[in-house]
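Inside the fold
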Amino acid sequence: RASVMAIFVILVALVLCSAMLYVVESDAGTRGFDSILSALWWGSITITTVGYGDVYPVTAAGKALGGITAFMECLYLHYPQVF
């Protein structure tokens, strides 16, 4: 049951962070953030800490959001789950 809840929380965080970054970066016309699906690609690479580097934020707000996303997901994935 705890693992289902953990997966649910990760998926919700992925969708929310990707949608927020899409809004921030699409206004700036950043290449690679032309749809929510491409932002989800960035989010999935960021939360798994793979970091391919093919898509990345260029605005200050996007970089801040990307850093916060990576930091929060690292904390969530690397600390033991207590449910």
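Counting restarts for each chain: residues are numbered from 1 in the order of the written sequence. The model is predicted, so local features are restricted to residues of pLDDT at least 70 and side-chain atom pairs to those at 80 or more, both for listing and for counting; the totals for chains, interfaces and linings are taken over all residues. The side-chain figures draw on all heavy atoms in the structure; neither hydrogens nor water molecules are used.

Each helix is a run of H or I in the DSSP string that is no shorter than four residues. Each strand is a run of E no shorter than two, and both are numbered from the N terminus. Summing up its helical and strand segments, the protein has three helices and zero strands in all. Its helices and strands in sequence order give the protein the pattern α-α-α, from N to C terminus. Scaling as 2.2 N^0.38, a compact globule of 83 residues should have a C-alpha radius of gyration of about 12 Å, and the protein matches this with 13 Å. Each of the three principal axes of the protein carries a C-alpha extent, and together these read 40 × 20 × 20 Å. Residue exposure (1.4 Å probe, protein chains only): buried if accessible area is under 20% of the type maximum, exposed if over 50%, otherwise partly exposed. Counting all 83 residues of the protein, 31% fall into the buried class. We call two residues in contact when some of their heavy atoms are within 4.5 Å. Expressed as a percentage of contacts within the protein between residues at least 6 apart in sequence, the contacts between residues at least 24 apart total 56%. When the accessible surface of the protein is summed, it comes to about 5400 Å², and 72% of that surface belongs to carbon and sulfur atoms. Only C-alpha atoms enter the radius of gyration, while the globule expectation follows 2.2 Å times N to the 0.38, with N the number of residues. A 1.4 Å probe and the Shrake-Rupley method give the accessible areas. Residues count as covered only by the protein chains that appear here.

Bringing the nonpolar core into the picture now. Burial of nonpolar side chains together is a common tendency in soluble globular proteins. What makes a nonpolar core is a set of buried Ala, Val, Leu, Ile, Met, Phe, Trp, Tyr and Cys residues whose side-chain atoms join them at distances within 4.5 Å. Grouped together as the largest cluster of nonpolar side chains are six residues: Leu 21, Phe 33, Ala 39, Trp 42, Val 55 and Leu 65. In contact with Leu 21, not counting residues within four places along its chain, are Ser 26, Phe 33, Trp 42, Pro 57, Gly 62 and Leu 65.

Here the distance between the centres and the angle between the planes together describe a pair of aromatic rings. A pair of Phe, Tyr and Trp rings is counted when the ring centres sit within 6.5 Å of each other, with Trp represented by its six-membered ring. The angle between the planes then sorts it: under 30 degrees is stacked, over 60 is edge-to-face, the rest tilted. What the rule picks out here adds up to two aromatic pairs. Aromatic side chains Trp 41 and Tyr 52 sit 5.9 Å apart centroid to centroid with 10 degrees between the ring planes, which places their arrangement in the stacked category. Of the two residues, Trp 41 sits in helix α2 (residues 36-47) while Tyr 52 sits in the loop between α2 and α3 (60-78), which places them eleven residues apart along the sequence. When its relative accessible area of 55% is taken as the criterion, Tyr 52 is described as exposed.

Time to look at a nonpolar patch on the surface. Exposure above 30% relative accessible area and the absence of a salt bridge qualify a residue for a patch, where like charges join within 9 Å and nonpolar side chains (Val, Leu, Ile, Met, Phe, Trp, Tyr) within 5 Å. Salt bridge, as used here, is a side-chain nitrogen of Lys or Arg placed within 4 Å of a carboxyl oxygen of Asp or Glu. Taken together, Met 5, Phe 8, Val 12, Leu 16 and Met 20 make up a surface patch of nonpolar side chains, about 470 Å² in accessible area. With respect to the helices and strands, the residue Leu 16 is situated in helix α1 (residues 2-28).

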